[in-house]
There are 2 protein chains.
Amino acid sequence: MTTPGRGLHGRVLDALGPAITAGEYPPGSVLRTDELAQRFDVSRSVMREAVRVLESMHLVESRRRVGVTVRPRAEWNVYDPQVIRWRLAGADRPHQLRSLTVLRSAVEPVAAGLAATHATAEQCAELTRCALGMVATSRGHRLQDYLVHDVAFHRMILVASGNEMFARLGDVVAEVLAGRTHHEVMFEDPDPAAVTLHVQLAEAVREGDPVRAERLTREITVGALQELDILAP
Amino acid sequence: MTTPGRGLHGRVLDALGPAITAGEYPPGSVLRTDELAQRFDVSRSVMREAVRVLESMHLVESRRRVGVTVRPRAEWNVYDPQVIRWRLAGADRPHQLRSLTVLRSAVEPVAAGLAATHATAEQCAELTRCALGMVATSRGHRLQDYLVHDVAFHRMILVASGNEMFARLGDVVAEVLAGRTHHEVMFEDPDPAAVTLHVQLAEAVREGDPVRAERLTREITVGALQELDILAP
DNA sequence: GAAGCTAAAAAGTCAGACTTATTCATCACA
DNA sequence: TGTGATGAATAAGTCTGACTTTTTAGCTTC
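Note that the coordinates shown come from a computational prediction; the quantities given were computed from them, not determined experimentally. (Residues numbered from 1 in each chain as written. Chains lettered and ligands numbered in written order. Predicted model: local features only at pLDDT ≥ 70, side-chain atom pairs only at ≥ 80, totals over all residues. Heavy atoms only, no water.)

J.: Would you mind going over unusual backbone geometry with me for this structure?
T.: Trans is the common state for peptide bonds, and a negative phi is the common state for residues other than glycine. The residue A:H141 is not glycine, and still its phi comes out positive at about 55 degrees. Relative to the helices and strands, A:H141 resides in the loop between helix 6 (121-136) and helix 7 (143-160). Backbone geometry at B:H58 places phi at a positive 60 degrees, although glycine is not the residue there. (Helix = DSSP H or I, 4+ residues; strand = E, 2+ residues; numbered from the N terminus.)

Put into structure tokens, the structure is as follows:
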């Protein structure tokens, strides 16, 4: 989690961002900087900085003589980690979770395949450590500890792929896994089959078997998708 | 392409963004707002807005008493369309092009599979139109016209997938295809085999055959990757 | 009814004064 | 000698008020 409230403009963003992404101000809505500044009790300069940030996320568009217009959802920078967090915290969390899980199902298998050929010895070792950690915490209602290893594991796969675009999805995957553990599914211990798949995946990467690594990851992500289907068919 | 120079702070960004992403200010470099404001001949308020935007892209970090620090590349929001454009315009364009093409190879096949089951009749029709347009412009050095249809085709696949995360990669794919046509490979007419694959893909989606759609798209993206290997082995 | 003019509205810009957090160097004390 | 407290310097952060610029909407005129 990033620092919540780095300055006044950050506070404003923490209030406005979630409101906009939640659809509280529907696309086309017009806000006025001065009015917002009054509402949040900050100076116009601070408000302007906040608007600039929202603008860079393509959440709003600022035009002279008209005001700050909320843009349609299709134009939002939905890969911005901040936007993702705001949306995950809001009402369309289930929808968002599904979108991201589908993205994972596309990216992670390919990343795992690349990791099998590119991973360094240290990365392989770390991967195995994570898998063992998952095994060790997979029983006895230690979901919180399990999550830590799970996140580290998937993050390492993405980093070890050697592709920076994949690597930067680590935070997204972390959010999805955390969200799953905290609010939605998984009230009991994780599926033993899934744990085994992770151990085997670490093996495949270590042995430099991209085909097997990709196939195993596909099984993992299919499982993640099925979890969602069970929850919201 | 977005509007270049929407206000003074935009001009500053158009100068600073490319400089930072090009590594002109290496990670750890410290800039001072006042100095930058002087250099670009703008007021401090304008400069502060620009810094806030760079900060929201995780390109820099602003801290009291120390200044504006350039963050390490690994922390940049590399999915921000603006950042992508800056980097594609800079020195590590080849590296960036490769990263993005690998991303395409992961995402597009899955998107095509989803499109085969989710695409509306109108989307299927548009897809076919695009494919025919590609055929029509595939000979006689009409690369510019070909590109338009190619971009529209891939964009439609991503949109028709029904997943918003995929849909938002349309701009990225457009940048990659445009970059390829304009500067790097493709001095002659496009590969006829690739054109055929697109026609068949439109077919597969129309017929609702996800497996075939995914397989065909994999062939297309493998081709795109090979093009890069030929250029920079 | 179309073209052009005018006035208002809201963002954009600037300058300057002031506040606050953070760092670094100095100094006293153990 | 090392450690902790003190204080000054520094750069970002904030606020205010005046002014500029662009764009729209309404009105006038032909």
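What follows continues from the structure just given.
J.: I tried to follow the relation of the copies chain B and chain A on my own but got confused; where do I start?
T.: The two chain copies are connected by a rotation around an axis plus a translation along it. Placing chain B over chain A gives an RMSD of 0.1 Å and needs a rotation angle of 180 degrees, together with 0.0 Å of translation along the axis. As the rotation angle and translation indicate, the two copies are arranged about a two-fold axis. Both copies share a contact surface, since 97% of the interface residues of chain B are interface residues in chain A too. (Least-squares fit on C-alpha atoms with pLDDT ≥ 70 in both. Contact = heavy atoms within 4.5 Å.)

J.: Quick question: what am I supposed to make of helix 10 (residues 192-206) of chain B here?
T.: For the α-helix, the turn length of 3.6 residues means that residues three or four positions removed from each other point alike. All names here are of chain B. In this model helix 10 runs 21 Å from its N-terminal to its C-terminal C-alpha over 15 residues, within 8% of the 21 Å that 1.5 Å per residue would give. Listing the buried residues of helix 10 in full gives V195, L197, H198, L201, A202, A204 and V205. At the exit of helix 10 stands G208, carrying a positive phi of roughly 70 degrees. (Expected span 1.5 Å × (residues − 1). Buried < 20%, exposed > 50% of the residue type's maximum accessible area, 1.4 Å probe, protein only.)

J.: Looking at this structure, how should I read the protein's contact with DNA strand C?
T.: Neighbouring residues of DNA strand C: 22 residues in total, closest A:T33, A:R48, B:L8, B:R63 and B:R65. The sugar and phosphate moieties of DNA strand C supply 73% of its atoms located within 4 Å of the protein. One nitrogen or oxygen atom from the main chain of A:T33 is found 2.8 Å from a phosphate oxygen belonging to DNA strand C. In this structure, a base nitrogen belonging to DNA strand C sits 3.1 Å away from a side-chain N or O atom of B:R44. Elements with a minimum of two residues in the surface near DNA strand C: helix 2 (33-40), helix 3 (44-56) and strand 2 (60-63) of chain A together with helix 3 (44-56) of chain B. (Near = heavy atom within 4 Å. Polar contact = N/O pair within 3.5 Å; in protein donor to acceptor, adjacent residues only side chain to side chain.)

J.: Looking at this structure, how should I read the protein's contact with DNA strand D?
T.: Neighbouring DNA strand D are 22 residues; A:L8, A:R63, B:T33, B:R44 and B:R65 lie closest to it. The share of sugar and phosphate among atoms of DNA strand D within 4 Å of the protein is 70%. Residue A:R65 places a side-chain N or O atom 2.8 Å away from a base oxygen belonging to DNA strand D. Residue assignment for the surface near DNA strand D shows that the elements contributing at least two residues are helix 3 of chain A together with helix 2 (33-40), helix 3 and strand 2 (60-63) of chain B.

J.: Is there a simple way to explain the sheet that holds strand 2 of chain A in this structure?
T.: All names here are of chain A. Here three strands make up an open sheet; going across it, the order is 1-3-2 and the pairing antiparallel. Because the sheet does not close on itself, it has two edges, and the strands there are strand 1 (30-31) and strand 2. Relative to strand 3 (residues 67-70), strand 1 is paired through two bridges, and the arrangement is antiparallel. Its bridge partner lying in strand 3, L31 is registered against V68. Helix 3 rests against strand 2 and strand 3 of the sheet, and its axis sits at about 125 degrees to strand 2. (Pairing = 2+ DSSP bridges. Axes fitted to C-alpha atoms, helices over the stretch in contact; angles between N-to-C directions.)

J.: Quick question: what am I supposed to make of the sheet that holds strand 1 (residues 30-31) of chain B here?
T.: All names here are of chain B. Strand order in the open sheet made by the three strands is 1-3-2, with antiparallel pairing throughout. Each edge of the open sheet is held by one strand with a lone partner, namely strand 1 and strand 2. The pairing of strand 2 with strand 3 (residues 67-70) spans four bridges and is antiparallel. Its bridge partner being in strand 3, R63 is matched across the sheet by G67. Its contacts with the sheet put helix 3 on strand 2 and strand 3, and the angle it makes with strand 2 is roughly 125 degrees.

J.: Looking at this structure, how should I read the environment of B:H95?
T.: Among the secondary structure elements, B:H95 is positioned in helix 5 (residues 93-118). Once you skip the residues sitting within four places of it in the chain, B:H95 turns out to touch A:E164, B:R73 and B:R87.

J.: Could you clarify how one ought to interpret the packing of helix 5 (residues 93-118) of chain A against helix 9 (residues 170-182) of chain A in this entry?
T.: The geometry of a pair of packed helices is captured by two quantities: the angle between their axes and the separation between those axes. All names here are of chain A. At a closest axis distance of 10 Å, the pairing of helix 5 and helix 9 adopts a crossing angle of 130 degrees. When the interaxial angle is binned, helix 5 and helix 9 end up oblique. In the crossing of helix 5 with helix 9, the sense of the turn from one axis to the other is left-handed. Here helix 5 contributes R93, L97, L100, T101, R104 and E108 to the contact with helix 9, which in turn contributes V172, V173, V176, L177 and G179. In terms of residue class, the contact of helix 5 with helix 9 is made up of six nonpolar, two polar and three charged. (Parallel < 35°, antiparallel > 145°, perpendicular 65-115°, else oblique. Left-handed = near helix turned anticlockwise from the far one by under 90°. Nonpolar A, V, L, I, M, F, W, Y, C, P; charged D, E, K, R; others polar.)

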